[in-house]
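Examination of the molecular architecture
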Amino acid sequence: MTGDLYSWLKALHVISIIAWMAGMLYLPRLFVYHCAAAPGSAQSETFKVMERRLLRAIINPAMTAAWIFGLWMAWLGELWTQPWFIAKFILVLAMSALHGFLSRWRRAFAADANTHSARFYRVMNEVPTLLMIGIVILVIVKPL
Ligand code: HEM
């Protein structure tokens, strides 16, 4: 489907998912380094500020925008029953669930109550990458 509004929505969607993915890939990395900083130390307090600002100023608004522009396009294109869209939607729900966990882990760090290891966050850092690869192939190649 082409046309002015749809193309503008797609451009705004891609801009918002770039910001969302940049944050989803950076925040777990901050958690890896934060694990090495002693609770209450100046370094740990600095990480808390970085994590809070990244989540609230970039990741949360970018995710909201990605959902609004994505659902708007799906509605205009009546894409709900397209197999590639259903598969993409499932991976995007997984990405949004991970977003929820990142928010919860950030709150734990803010309360000096993190219980996970640096290794755990290194593994978690790979999850958005794998989901992103699947999502982009589904929406551009439409293999289903
Ligand atoms: C948040 C919920 C999301 C919804 C409801 C959604 C929905 C959509 C829809 C309906 C389209 C238009 C497809 C077409 O016209 O062929 C689209 C395009 C696109 N989406 Fe999403 N999307 C979401 C999240 C994401 C995420 C997380 C990514 C990447 C990590 C992504 C990557 C893309 C790309 C690259 C395009 C442009 C494809 C093209 O140029 O044809 N989307 N999305």
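The coordinates are above.
About the criteria used
- Residues numbered from 1 in each chain as written.
- Predicted model: local features only at pLDDT ≥ 70, side-chain atom pairs only at ≥ 80, totals over all residues.
- Heavy atoms only, no water.
- Helix = DSSP H or I, 4+ residues; strand = E, 2+ residues; numbered from the N terminus.
- Expected span 1.5 Å × (residues − 1).
- Buried < 20%, exposed > 50% of the residue type's maximum accessible area, 1.4 Å probe, protein only.
- Near = heavy atom within 4 Å.
- Polar contact = N/O pair within 3.5 Å; in protein donor to acceptor, adjacent residues only side chain to side chain.
- 1 Å grid on protein atoms, 1.4 Å probe; cavity = no way out; pocket = protein on both sides within 12 Å on 5 of 7 lines; lining within 4 Å.
- Sits in = over half its atoms within 2 Å of the grid points.
- Nonpolar A, V, L, I, M, F, W, Y, C, P; charged D, E, K, R; others polar.
- Salt bridge = Lys/Arg side-chain N within 4 Å of Asp/Glu carboxyl O.
- Axes fitted to C-alpha atoms, helices over the stretch in contact; angles between N-to-C directions.
- Parallel < 35°, antiparallel > 145°, perpendicular 65-115°, else oblique.
- Left-handed = near helix turned anticlockwise from the far one by under 90°.
- Contact = heavy atoms within 4.5 Å.

What to know about helix α4 (residues 118-141)
Look at α4: 36 Å from first C-alpha to last across 24 residues, which is about the 34 Å you get at 1.5 Å a residue. Of the residues making up α4, those classed as buried are Y121, M124, N125, P128, L131, I135 and L138. Just beyond α4, the residue with positive phi is K142, at close to 50°.

Here we look at unusual backbone geometry
In the Ramachandran plot, E78 falls in the positive-phi region, its phi being about 50° despite a non-glycine side chain. The topology assignment puts E78 in the loop between α2 (42-77) and α3 (83-110). For E78, a relative accessible area of 63% corresponds to the exposed category. Here the phi dihedral of K142 falls at roughly 50°; this positive angle occurs in a residue that is not glycine. Residue placement: K142 occurs in the segment after α4. Residue classification places K142 among the partly exposed positions, given a relative accessible area of 40%.

Topic: the site of the ligand
Surrounding the ligand, one finds 21 residues, the nearest of these being Y6, H13, K88, V92 and K142. Take K10: an N or O atom from its side chain is 3.2 Å from an oxygen atom of the ligand. Of the pockets mapped on this structure, the ligand occupies the largest pocket. When its residues are assigned to classes, the shell around the ligand shows 16 nonpolar, 2 polar and 3 charged.

Examining the pattern of salt bridges
According to the stated counting rule, one finds 2 salt bridges in the structure shown. One salt bridge in this structure joins K48 and E45, with 2.9 Å as the shortest N-O distance. With K48 and E45 both in helix α2 and 3 residues apart, this pair spans about one turn of that helix. A residue is classified by how much of its surface remains accessible, and K48, at 11% relative accessible area, is buried. Counted as one network, the salt bridges with shared partners bring together E45, K48 and D112.

Some details on the packing of α3 against α4
Direction vectors running N to C along α3 and α4 enclose 155°, while the axes themselves pass 9 Å from each other. Taken together, the axis directions place α3 and α4 in an arrangement best described as roughly antiparallel. Note on packing geometry: the crossing formed by α3 with α4 is left-handed. Contacts from W84, A87, K88, L91, V92, A94, M95, L98, W105 and F109 in α3 reach F120, Y121, M124, V127, P128, L131, M132, G134, I135, L138 and V139 in α4. Broken down by class, the residue content of the contact of α3 with α4 amounts to 19 nonpolar, 1 polar and 1 charged.

Keep in mind that these numbers describe shape and distance, not what the molecule does.
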